[in-house]
Structure formats: structure tokens, C-alpha cells
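Per-entry structural report
The lines below spell out each chain.
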Amino acid sequence: MPERRDLRLRVNGVTHETAVEPRLTLVDFLRGELGLGGVHVGCEHGVCGACTVLIDGRAARSCIMLAVQADGGEITTVEGLSTDGSLHPIQQAFLESHGLQCGFCTPGFIMSICELLEDNESPTEDEIKETLGGNLCRCTGYENIIKSVHLAAEKMRAQP
Amino acid sequence: MKPAPFEYFAPETVADAASILSRYEGEAKLLAGGQSLVPLLNMRLARPKALVDLNGVPQLEGVREENGRLVIGAMTRQRTIERSQLVANAQPLLLEAVRNIAHPQIRNRGTIGGSLAHADPAAELPAAAVALDAEFSATGPRGTRMIASRDFFVSFLTTALQPDEVLTEISFPKTPSGAGWSVQEVARRHGDFALAGAAVTLSLDGDRCRGATIALFGVGYVPIRAHGAEGVLQGEAVSGALLDSAAERAGADIEEPLSDIHASSEFRRHLARTMTRRALTAALDRARNGASNA
């Protein structure tokens, strides 16, 4: 039995205390151990951004981070965004602006945009593109994703 | 599971990290931001016996001014550097280098020390360190030593750090007033490693070039200082023609540019000349206009 290491972290507001092999990546922990299938595994080496989650509020690729590195941290995945069955404004904006087609890349995009809009409530086109450059989409051609960010920003500014 | 098994250590001090490294006699790797190392582990291209995670060593983080220099802890995130007003004022070239690294999601985790110690020949920070004559501070079982940037980068992915040494901080001179700077690169896709790039500083004395430094990246196994091109500029009256001949000379300063499936040797030499020319133009503009960091 390989050595396991204690791990305590909060994921979407819930504290988990467990023990994992140090070589387990964060994405495999979130999907395999916690059943959070919204965190997608694409390239598995940090290129595509499908596995993007927030770690202490900062967007990062969970496929190139070990679960043990998140010890003591606060993780948010796409599952943590909607409240009481209603979509987060970013999700709603993707729906309304056709920001997704096959949907594989979408959770990663949404988490990257989440960080962007937390920092900057009215990002410029260039700022949006700089953020989205870290996420690959093979369907949409990105235009509708950029539209979705503008719409999401508008929705979030309108929130009390 | 993707990576091969390894023992994992999370020391809280540099001394502990160094002593673990020493115990494993070259079979342990330091884990900083992990943005290059974890992909290598996932693909099992790297199979260290042990990983020594530096993320819990608080003394390695932070940006400060000390004795007129800018000192950055090795575990400082690239994103922190990008957002640091101190860095923007004291050494804006560094800010521009960091902004060219990959994507914000990578910079959130990636560290300055990790990038420098990894020493990818196409990375921005090693070239910035070479252009700025940075000094590296390394701690091992035999104590702490300083390494000059010209000695730090030894070969492809290889530095002067010993297997039991920890890079702790990097010190940069502050940019003098009246100096300009620029980092220019070309990559196949936004955020990719550069095919070729140039990090340049240039200072003026009236309409003459008081001095310039030029570091080329992506073209050799280590960042290359274009000393010939720097000599072309030194003390001369600045003109478009002078910048042209300096850029031409920068291309000639590369003995044998790298060649791979992405770009031939000659194409890289061409790109190095073009990136140098663009960087010199931008640096000159900033030097003339009393440089804001925009």
C-alpha cells in the first residue's frame, strides 16, 4: 500500500478530511474522490484549460497541481457556482449568448471568467481575450464566448 | 495515476528543504509552482524519487527593496510580480517579461524561481535576468552563495545550482532614470513558448546611447547576451540606421541558432534580428519619453 498523506481542504464550501497518495493530481481527486464531474480532463498537461478551478480565488489548472498542494486551501469548481438551483450569471450569460456548443471546455472557461469578473467588473475586449487565451474551445470560434463575458459582466454589475 | 510514485515532503524552512535534497543525493526534485514539473511528472518524463514542495516555506515569498536593489523571493508567484507596484517602478522590464509568460491561469501558480531554475531556453524570465545582470542567491548544506546571471544558465534546462541547493531569491538592479526597456517575442500561438525573443535595456546620454543590454531567448540552449550588438550601440549617436546595424549584429552574435520542427536555424536568426530591432525601437521610445510602465 503506497504511502498516503493527510489532506484537509474546502471544496465548494464543504470541508473534506481525507488521505491521498501524493502523486494524485487535484483534478483526479476532485473527479474521482469527490465525484465532481464538472471539472473536465482534457489535455492533462496544462495546455487546454478544461480543468480550471479556483484555488483560494485564483484560477488554475487542476491537472498540473497535486491534490496535496491544495492542503488547507479553498477550491471552487463549476458545481459550486449555482445557488438554490438557479444559474450563476456567467452560466446564464453562456446560455443566452450561445457561449457553448459541445460544452466540454465550458466549465474551464467559466472558472477563468469567474476570476476575471471578481477582479474587474467591466473588462475590456483585450482583457477578456488575455484571460480566455488560457482556455481552448474547438467549437465556438470564441466570438460567442466573448459576448457571454460582456453579458455576464453586465448581469453581475446589475446585481445588488 | 499519471505520475510515477514518489516520496513527498513539505518542509517549512529552506534549511530543511536543502537537507532533504542532500539526503536524496540528486534523486529529489524541488516543486515550486509545478507548471512545468507536474506536466513532466504526468508524462513520466521525470521520475524523481522524492518531491520537496516549497509552497509551505514562507521565507521564500515576497518582493522588497534592499540596498538599492529589487529583491524577489524565489517562490513569489508570477501573478504577484505582475501586480506589484514596486516591480513596476523599480524594474519594469521584469513586469513586461512576466506578462509574456503563458496565461494568467499559469502565472497564478508559476513562480519566478521555478521558471529560472527550470531554465527553459525559450522562457522570458531567464532572458530578463540575463539582460538585467541579476544575481541569484542559493542555499545548500554548505551555506549560501551568490551566482551571477552569466554563470547561472549552464545549458539546456541546466543551471549552476547543485542538486542540494535551493534558489532562495533573485536580486535585480533598479532601472536608472532615463532608461528604456522592452521584451519582444514571437510565438506560434498567444501564450506559447517563444520561437525567438529579445529582452533589451537602453539608456541615453542626450542623443547618444550610454549603454544597452540585449538578451536573446529561444535561439540557444541558454539566453544569449548579444555583446557584439551592445558594442555597436555603446556611445554612438542614436538613429534608425544604428538600431538596424545593432539588430543585424545581434543575429550574428548567435553562434548556431537552435533548429527544430517549429523553426529552422536561419529562421530563428531572422526572428532574433527582428525582435531585437522591435525591442530597441520600443526601448528607445521609452528612454526618450521618460518611460512610464504602460
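Numbering of residues starts from 1 in every chain and runs along the sequence as written. As a convention, the first chain written is A and the first ligand written is 1, with the rest following in written order. Reporting of local features is limited, given that this is a predicted model, to residues whose pLDDT is at least 70; pairs of side-chain atoms are given and counted only at 80 or more, and all residues count toward the totals for whole chains, interfaces and linings.

Focus on the packing of helix α3 (residues 106-119) of chain A against helix α5 (residues 143-158) of chain A
For any two helices packed against each other, one specifies the crossing angle of their axes together with the interaxial distance. Residues and elements named next belong to chain A. Operational definition: Between N-to-C directions, angles cover 0 to 180 degrees, with each direction set by a line fitted to C-alpha atoms, over the stretch in contact for helices. What counts as a helix is a DSSP run of H or I of at least four residues, what counts as a strand is a run of E of at least two, and both are numbered from the N terminus. Roughly parallel covers angles under 35 degrees, roughly antiparallel covers those over 145, roughly perpendicular covers 65 to 115, and oblique covers all other angles. By convention the crossing between two helices is left-handed if the near helix lies anticlockwise of the far one by an angle smaller than a right angle, and right-handed if it lies clockwise. Throughout, a residue-residue contact means that the two C-beta atoms, derived from backbone geometry, are no farther apart than 7 Å. Polar here means any residue outside two lists: the nonpolar Ala, Val, Leu, Ile, Met, Phe, Trp, Tyr, Cys and Pro, and the charged Asp, Glu, Lys and Arg; Gly therefore counts as polar.
Packing of α3 against α5 brings their axes to within 11 Å, and their N-to-C directions diverge by 45°. As far as their axial angle goes, α5 and α3 are oblique. At the point where α3 passes α5, the crossing takes the right-handed sense. Listed contacts from α5 to Phe-109, Ile-113 and Leu-117 of α3 are Ile-145, Val-149, Ala-152, Ala-153 and Met-156. For the contact of α3 with α5, the residue count by class is eight nonpolar, no polar and no charged.

Some thoughts on the sheet that holds strand β10 (residues 166-173) of chain B
Residue and element names in this part refer to chain B. We count it as follows: We call two strands paired when DSSP finds no fewer than two bridges between them.
Taken in spatial order, the five strands line up as β4-β5-β10-β6-β7 in an open sheet, and their pairing is antiparallel. The strands lining the two open edges of the sheet, one partner per strand, are β4 (63-66) and β7 (143-148). With direction set aside, neighbouring strand axes in the sheet form an average angle of 25°. Note that strand β6 (residues 135-140) and β10 share five bridges and pair antiparallel. What sits directly across from Ser-137, in β10, is Glu-169. Sitting on the sheet, helix α1 (residues 14-23) is in contact with β6 and β10, with an inclination near 125° to β10.

Overview of the sheet that holds strand β3 (residues 50-53) of chain B
As a general point, the strands of a sheet are linked pairwise by backbone hydrogen bonds and lie either parallel or antiparallel. All names here are of chain B. Here three strands make up an open sheet; going across it, the order is β1-β3-β2 and the pairing parallel. The strands lining the two open edges of the sheet, one partner per strand, are β1 (7-9) and β2 (28-31). On average, each strand axis in the sheet is inclined to that of its neighbour by 20°, with strand direction left out of account. Looking at chain direction, β1 and β3 are connected through three bridges and run parallel.

Points about the interface of chain A and chain B
Tallying the contact residues gives 26 residues for chain A and 22 residues for chain B. For the side of chain A that touches chain B, the element with the highest residue contribution is strand β4 (residues 58-61) of chain A, accounting for four residues. Of the residues contributing to the side of chain A that touches chain B, the split by class is nine nonpolar, ten polar and seven charged.

Notes on the domain arrangement of chain A
By a widely used convention, the size of an interface equals the accessible area lost when the partners come together. Residue and element names in this part refer to chain A. Rule in force here: The domain limits used here are those given by an automatic or database domain assignment.
Along its sequence, chain A is carved into domain 1 (5-80) and domain 2 (89-158). If you look at the interface, domain 1 gives 14 residues, while domain 2 gives 13 residues. Contributing elements (two or more residues each) for the side of domain 1 that touches domain 2: β3 (52-55) and β4. The greatest single-element share of the side of domain 1 that touches domain 2, amounting to three residues, is contributed by β3. Residues that form the side of domain 1 that touches domain 2 fall into these classes: eight nonpolar, five polar and one charged.

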